[in-house]
Amino acid sequence: MTESTVTEPLVVEETETRRGYAGQSVPRKEDHRLLQGEGVFVDDVKRHNMGFVHFVRSPYAHAKIRSVDVSKALEHPGVVGTLTGEEAALLTDPFFQISSPPGAHLRDFCLAVGKARFAGEPVAAVVATTRETARDAAELVEVDYEPLPAVTDARRALDDDAPVLHDDAGTNLTWEGVYEWGDLDAAFAEADRVVKISELHFHRFNSTPLECNGALVEYNRGTGQWTIITNNQFPGFAAIMMGPAMRVGLDKLRFVTQDIGGGFGNKITSHPQLVACCLLARKLRRPVQWTEWRTDFHLSMSHGNERWFEDTEVAVKDDGTLLGFRTTALDDAGAWLRYEPLGGVIWAQVTPGMYRWRNIRLDFKQVVTNKAPCSPNRGYSRMQHLWFTERVIDIVAHELGLDPVEVRKRNYIRTEEMPYETPNGCVYDSGDYAKMLDTALELIGYDELESRRVDADARGRLLGVGIGSTLDSGTNNFGQSRLINPELQFSGNNEVAMVKLDIFGEIVVTLGTTPQGQSHETTAAQVVADMLGCSIDDVNVRAGHDSYWNSHAGFSGTYASQFAVTGLGAVRGATELLAAEMKKLASVVLGCSPDDIELAEGQARMKANPEAALPFMALGAIINANNAGLPEDLDVTLNCRYVYRPPFQPPDVERKFGNLTLTYAAQVHAVLVEVDPETGVYEIVDYAAVDDCGVRINPQIVEGQVMGATAQAIGAATHETFTYDEDGNLLTPNFYDYHVPHALDMPPLRTGNIESPSPFTSMGTKGMGEGGGAGIHAVCAALQDALRSRGNPIVYDSCNPYHRVWELLSDPESSRQRVTVEPG
Amino acid sequence: MLLSEVGYARPETLEQALEILVENPGARALAGGQTLINVMKARAASPDVLVDLGGIPELKGIELGSDGTLEIGPMTTYAEVISSAEARARPILGEVCAQIADVQVRNRGTVGGNICASDPTNNLPPLLAALGAELTVAGMGGARKVSAGEFFLGVYMTAVGPGELLTKISIPPGRADGFASVPIGVDGTCIVNAAASLNGGARIALGCVGAVPVVVEPESTEVEAVRGAVREAGLEPPSDVHASADYRRHLAEVIAARAVRQASERAR
Amino acid sequence: MGAPVVISQTVRVEVDGTTFERAVEARRLLVHFLRDDLDLTGTHIGCDTGNCGACSVIVDGKLLKSCMLLAVQADGSSIETVDGLADDGQLNTVQQAFADHHGLQCGYCTPGMLMSATALLRETSSPSDEEIARAIQGNICRCTGYWNIFKAIKAASGQEVAE
């Protein structure tokens, strides 16, 4: 079920109109090398004499570090050097903190200094000539720890007797903010009922990309230049963090990436390890290689925000109209603020979710705990908030005896209201949520559910259907960081691309992005080929990212659902410049005006007389090698660089008001589950996912993203969780205990799509890729529906492994106690 | 991810293997490696020497005796059990092996390795306990037979002592067998599993609920009798991230009954 | 006379038609031997517990995870990796099917997936949907959700695929 927009015809022949590449599922340029195992991932790169680094990690969740003795490790044959926290504290300054006080006072170095604050925190580094030697020698590093009590539950982090992680902050409450818009009092006065939910919990997990973080760092002593071959997906951010800490200019940090084995946000905050590698490369006079093993990654890297929603109150009319809500969001950031507390504002991109309520108050409190530091995970901070709004809708519908489909439709923002300004000034560009919901319901066979329920019943199973709707806000306005800390000097966004026409007519594109599977080479080539009227095979997009290309800006990278807007916006801008130059040059050569020239079939030719044509090669040759006799004022280089800048204003910090993201893709998922009431084991038996990301440059690639996000949602909803014991030990430190979906776990999937072009982007595209959270919302709703007949338990947690379902089955009353309905 | 330094030997006969084990107290037998190598990657155990049993012909093969007894060499892989014509004499063997992990693991993992690991979540220990298997353990001084009930001594501990090797797994004839489990994801690690055998009396072996399989012999195959017998066993299962002790106790009852039902269906 | 116990030994392997001989420590995993000693980096590492399958190769005709085999155990073996699939840059049927059906995004799990698919199609020329899923049950992918990979393998077997 696809509604596609008609793409602009490129070439109007006499009898037919040829469609352009945009909108077609052209084969990927990346595949040829990846299918032959010829991708270059960071661990594939070797350098002569490179040393392998192994990080010694704290076994304790919280401990004073009394001493670190590396002497025995240094004596081990094959060891070339070490680095300790003490050295790091001398050689570097603490990482810049985004937070205002008290979070601003955290002193974060590349290795633990004085104290370890989570189990798995790197305390020292050993470098050796082989991987195994480094690992062996790490056991010889003697660290004298004095264990301290640990706090692992965010709800306990502010107790009087809770251990404080950072003396410099003096509290575990590192950031808080109050957001309030509309008129809560009026909303609650007008309400027929108030639904109160004491506590909901969004769990800790992440996307576990198959390739973990890594780097190979070289240091050029003569120039002071580091070359950091890595898979960090946001080099702009890494540079801003690393440069000041290392007391060097950003240009001394050259980031090179090529193929990255998945990112999903979990490759943004590797900068502490990169700094350690940089220091070691300089100290040891050799390249230093770091491979993060799976267990290292689970223990220490980029957990998704864990968030508690406490004391929620929802003002609602009897007919299901939602008037507003208030809640306290308690966010568990883990031990360090590495990208946090941006999560404290990023949720506000989608404050009302997909719904029209105007009166909202959210008290956001972020605490540190003795667990791995959180940083972005696919759906970053919006997913947590949207799960909350979806749970609220579902619970309200449930408790008021209303149909969750009807409640959604009654409250969805309507397509005719788009662009829609939310209570806090964000502008949803376009969308038709009701239509998406109808599509999802049709795909799941909603009208035939009764017979499926009867059939399931005959097999002793409880059938449940659930809906999850979600927004994928893309292209951030980094000005929202000022809502976290008014002192910050960030705002807007940018991305860069360069497009040039070389001497032999090659078209070369360089991007500023760091794709990890999102097919940038292909989609960029589609756009460029359309605009220049040539074959996509003639457009060569360089793989990966390299600071030396000078094709990047402060925010360059691939994160936050933006490539189709920022990356392609930059590509489009650069190509427009190039096209104009090509036409100008051609007009000089052919003796006409640039408006008389068209670019088609790999040529610049006169519209009125297509025989008068210059192949691209001719243009490239003239400028590069044969330019005598050209007019002096001819401003043509055929090497064009463009910086895309989205139209943002700095937000109003006082009112916490303003547009925080440019585009709003959406997804609506519908899920059928069958629960075995004897065991709590359940199966997802059918799945429908509908997405809308505006104009799709490559539908197959978009669909691939939807599928992947859906699979991750299924994993997160069912089994994936970073669970800690009371002492702060991670109980799921690898793929043995942290179960991700495998092939046999996948339900049948039906997909649908609608295209609501964005009025705010040059091609009507919207960034996408993070909408899979809808699956978590949908599975929760489906379970709640399935268990209706067993005491009506309330699904209160985003992760529902079998043991939790059994708990809901065997003691529905406990979960029900979280919800009360009072008269308004 | 990176192993400690280790010595490696690849004997060609059982004698040679036993000799190395006797000469090197820190040596361990390497069967399919699908468990031991992961243990070594994590450095949870770092043997001094690995004795690779992969080159010893007498440890492989499946024979079906005229009395219906199956003699299985411990180095038989799960895949070999699944594809073996002889093993079809006791179909539950292949069915349970087919539920272990994935193709790659089944191509290397061995029956002997599975039971000698004595991991409480493994499928084969409770299966063999329910089937009344007999294990042959050999040392330099000779071989002895150990019943399944006496073979599993604890977590990662079996009756195979220092300087000894498991050399044969003998399965008596029968067909009324069942197996049920609650894995985490399809063919994943089990939270609870149970094997049932109804060849003369009902015998159920529960896995994942104790250090070793817990054998229960209910009076009848009726659901309530089975569940009652499991309750009476007074299980003290572990609590972990996947399940609480209470949940495992509950699942044990349900899964035992399902294993028995499957066995009953095959008894007809 | 017992067999010798060695800490390291010379290993001779044939990989995708080329013979290599190297001294290697007994403790070195086959996957590290391939990647680090032989510079064959097409085979990948995604976990440390033998769960993810990114390291899958075919050794003496059997599909296995090279992270759970020591290099010394592969002495004398014939190993097939992703490098041996294409013919001088010409993608083979399975590889082309993955390209046609968008069966890869980041490409990190892909070499292992291709080997598992290759092993399946050698054994079963027209696999059912369930057989296909079972064949790659030991290969984790985080990008695609597997659905397009199922299609790719089905198409590679010559069967019709619903679009």
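Only a predicted model underlies this, so the values are computations on that prediction, with no experimental measurement involved.

Asks: Summarise the side chain of B:Asp119; cite the residues concerned and give the values.
Replies: Residue placement: B:Asp119 occurs in the loop between helix H6 (111–117) and helix H7 (124–131). The side chain of B:Asp119 is buried and forms no salt bridge, while B:Arg248, the nearest opposite charge, is found at 9.3 Å. Within polar-contact distance, the side chain of B:Asp119 engages the backbone nitrogen of B:Thr121 at 2.8 Å. Here B:Asp119 is in contact with A:Tyr736 and B:Tyr156, once residues within four sequence places are set aside.

Asks: Account for the interface of chain C and chain A, with residues named and values stated.
Replies: Chain C puts 51 residues into the contact, and the matching count from chain A is 52 residues. Between chain C and chain A, roughly 4500 Å² of surface is buried when both sides are summed, and carbon and sulfur atoms account for 56% of that area. By the criterion of area lost to chain A, the three top residues of chain C are C:His102, C:Arg142 and C:Trp147, representing 20% of everything that side buries. The interface formed by chain C and chain A holds seven salt bridges in total. Among the salt bridges present, the one from A:Asp136 reaches C:Arg27, with a minimum N-O distance of 2.8 Å. Between the two partners, chain C and chain A, sit 25 residue pairs in polar contact (both at pLDDT 80 or more). Counting residues per element, the side of chain C that touches chain A draws most heavily on helix H2 (residues 93–100) of chain C, at four residues. Classifying every residue of the side of chain C that touches chain A gives 22 nonpolar, 18 polar and 11 charged.

Asks: Can you tell me about the packing of helix H6 (residues 235–246) of chain A against helix H7 (residues 271–284) of chain A, naming the residues and giving the values?
Replies: Residue and element names in this part refer to chain A. Look at H6 against H7: their axes get within 10 Å of each other, and the N-to-C directions meet at 45 degrees. On the basis of their axis angle, the class for H6 and H7 is oblique. Relative to H7, the crossing made by H6 is right-handed. On H7, the residues that touch Phe237, Ala238, Met241, Met242 and Met246 of H6 are His271, Leu274, Val275 and Cys278. Looking at side-chain class alone, the contact of H6 with H7 contains eight nonpolar, one polar and no charged residues.

Asks: With reference to specific residues and values, describe the interface of chain A and chain B.
Replies: Contacts between the two partners involve 23 residues from chain A and, on the opposite side, 25 residues from chain B. Carbon and sulfur atoms supply 57% of the area that chain A and chain B bury against each other, a total of about 2100 Å² over both sides. Summed over the shared surface of chain A and chain B, the result is five salt bridges. Between the two partners, chain A and chain B, sit 11 residue pairs in polar contact (both at pLDDT 80 or more). Within the residue set of the side of chain A that touches chain B, elements represented by two or more residues are helix H4 (131–138) and helix H20 (802–810) of chain A. With four residues, the top contributor of residues to the side of chain A that touches chain B is H4(A). Here the side of chain A that touches chain B is composed, by residue class, of seven nonpolar, seven polar and nine charged.

Asks: Tell me what's going on with the side chain of B:Gln34, and back it up with residues and numbers.
Replies: Positionally, B:Gln34 belongs in the loop between strand S2 (27–30) and helix H2 (36–41). By relative accessible area, B:Gln34 is classed as buried at 12%. Here the side chain of B:Gln34 touches B:Gly32 through a polar contact of 3.1 Å, landing on its backbone oxygen. Among residues more than four places away in sequence, those in contact with B:Gln34 are B:Gln104, B:Val105, B:Arg108, B:Gly109 and C:Met68.

Asks: Lay out the nonpolar core with the relevant residues and their values.
Replies: By size, the foremost hydrophobic cluster in this structure holds 249 residues, and its most contacted members are A:Tyr179, A:Met242, A:Tyr433, A:Val675 and C:Phe98. Apart from the residues within four sequence positions on either side, C:Phe98 is in contact with A:Leu35, C:Gly103, C:Leu104, C:Met113, C:Leu114, C:Ala117, C:Ile149, C:Ala152 and C:Ile153. Of all hydrophobic cores here, the second largest spans 71 residues; its members include B:Val105, B:Val137, B:Ile169 and C:Val13.

Asks: Can you lay out the pattern of salt bridges for me, pointing to particular residues and giving the numbers?
Replies: Here the idea is simple: oppositely charged side chains can pair when their charged atoms come close. Summed over the entire model, instances satisfying the criterion amount to 89 salt bridges over all chains. Taken together, the shared-partner salt bridges in this structure form one network comprising A:Arg461, A:Asp676, A:Glu678, B:Glu224, B:Arg227, B:Arg231, B:Glu253 and B:Arg258.

Asks: Could you give an account of the sheet that holds strand S9 (residues 173–181) of chain A, naming the residues involved and the relevant values?
Replies: Residue and element names in this part refer to chain A. Strands sit in the order S9-S17-S16-S15-S10-S32 across an open sheet of six strands; the sheet is mixed. In this open sheet, the two edge strands, each paired with only one partner strand, are S9 and strand S32 (819–823). For this sheet the average axis-to-axis angle between neighbouring strands, irrespective of direction, equals 10 degrees. As judged from the nine bridges shared by strand S10 (residues 193–202) and strand S15 (residues 306–316), these two strands associate in the antiparallel manner. Residue pairing in the sheet places lysine 196 in a bridge with glutamate 313 of S15.

Asks: Before we move on, can you summarise the pairing of strand S11 (residues 214–220) of chain A with the specific residues and values?
Replies: All names here are of chain A. Pairing of S11 with strand S14 (residues 288–291), which is carried by four bridges, proceeds in the antiparallel orientation. When the sheet's bridge partners are listed, valine 217 is paired in S14 with valine 288. Looking at chain direction, S11 and strand S12 (residues 225–230) are connected through six bridges and run antiparallel. When the bridges of S12 are listed, leucine 216 appears paired with isoleucine 229. Taking the residues between adjacent antiparallel strands as the criterion, S11 and S12 are bridged by four residues, where glycine 224 takes a positive phi near 70 degrees.

Asks: Talk me through the confidence of the model for chain C; I want residue IDs and the actual numbers.
Replies: Considering every residue of chain C, the mean pLDDT works out to 97; 99% of them sit at 70 or more. Prediction confidence for the complex, expressed as pTM and ipTM, is 0.97 and 0.98 respectively.

Asks: Can you lay out a nonpolar patch on the surface for me, pointing to particular residues and giving the numbers?
Replies: Side chains of A:Ile503, A:Phe504 and A:Met617 sit close together on the surface and give an oily, nonpolar patch of about 310 Å² of accessible area. Looking at where A:Phe504 falls in the secondary structure, it is placed in the loop between strand S21 (495–501) and strand S22 (507–511).

Asks: Please give an account of the packing of aromatic side chains that cites residues and values.
Replies: Residues and elements named next belong to chain A. On inspection of all chains with the given rule, the structure shows 30 aromatic pairs over all chains. Ring geometry for tyrosine 179 versus tryptophan 181: centroids 5.7 Å apart, planes at 45 degrees, classification tilted. Here the aromatic residues Phe234, Phe237, Tyr339, Tyr380, Phe478, Phe555 and Tyr559 are joined through ring pairs into a cluster of three or more. The ring of tyrosine 179 has lysine 656 lying over it, and the distance from NZ or CZ to the ring centre is 5.3 Å. The ring of tyrosine 796 carries the charged tip of arginine 818 above its face, separated from the ring centre by 3.6 Å.

Asks: Before we move on, could you go through the sheet that holds strand S31 (residues 749–753) of chain A and cite the residues and values that matter?
Replies: All names here are of chain A. With respect to topology, four strands assemble into an open sheet ordered S20-S29-S30-S31, the strand pairing being mixed. The sheet is open, and its two edges are formed by strand S20 (462–476) and S31, each paired on a single side. Sheet twist, expressed as the mean angle between neighbouring strand axes with direction ignored, is 20 degrees.

Asks: Please give an account of the state of the cysteines that cites residues and values.
Replies: Enumeration according to the criterion identifies zero disulfides over all chains in this entry. Just so you know, B:Cys190 is unpaired, no disulfide at all, and the nearest cysteine sulfur is the one on B:Cys208, 5.3 Å from it. The buried category is assigned to B:Cys190, whose relative accessible area is 6%. With no disulfide of its own, C:Cys143 lies closest to C:Cys106 among cysteine sulfurs, the gap being 3.7 Å.

Asks: Help me get a handle on helix H3 (residues 110–123) of chain C, residues and values and all.
Replies: Note that an α-helix has 3.6 residues per turn; residues three or four places apart therefore point the same way. Taking 1.5 Å of rise per residue, the 14 residues of H3(C) would be expected to cover 20 Å, and the 20 Å separating its terminal C-alpha atoms lies within 8% of that figure. Looking at H3(C), one finds that the buried residues are C:Thr110, C:Pro111, C:Gly112, C:Met113, C:Leu114, C:Met115, C:Ser116, C:Ala117, C:Thr118, C:Ala119, C:Leu120 and C:Leu121.

Conventions used here
- Residues numbered from 1 in each chain as written.
- Chains lettered and ligands numbered in written order.
- Predicted model: local features only at pLDDT ≥ 70, side-chain atom pairs only at ≥ 80, totals over all residues.
- Heavy atoms only, no water.
- Helix = DSSP H or I, 4+ residues; strand = E, 2+ residues; numbered from the N terminus.
- Buried < 20%, exposed > 50% of the residue type's maximum accessible area, 1.4 Å probe, protein only.
- Lys, Arg positive; Asp, Glu negative; His and termini not counted.
- Salt bridge = Lys/Arg side-chain N within 4 Å of Asp/Glu carboxyl O.
- Polar contact = N/O pair within 3.5 Å; in protein donor to acceptor, adjacent residues only side chain to side chain.
- Contact = heavy atoms within 4.5 Å.
- Buried area = accessible area lost by both parts, 1.4 Å probe.
- Nonpolar A, V, L, I, M, F, W, Y, C, P; charged D, E, K, R; others polar.
- Axes fitted to C-alpha atoms, helices over the stretch in contact; angles between N-to-C directions.
- Parallel < 35°, antiparallel > 145°, perpendicular 65-115°, else oblique.
- Left-handed = near helix turned anticlockwise from the far one by under 90°.
- Core = buried A, V, L, I, M, F, W, Y, C linked by side-chain atoms within 4.5 Å.
- Pairing = 2+ DSSP bridges.
- pLDDT = per-residue confidence, 0-100.
- Patch = residues over 30% accessible without salt bridge, like charges linked within 9 Å, V, L, I, M, F, W, Y side chains within 5 Å.
- Areas by Shrake-Rupley, 256 points an atom, 1.4 Å probe, with all protein chains shown as cover.
- Phe/Tyr/Trp six-rings, centres within 6.5 Å; stacked < 30°, edge-to-face > 60°.
- Lys NZ or Arg CZ within 6 Å of the ring centre and 35° of its normal.
- Disulfide = S-S within 2.5 Å.
- Expected span 1.5 Å × (residues − 1).

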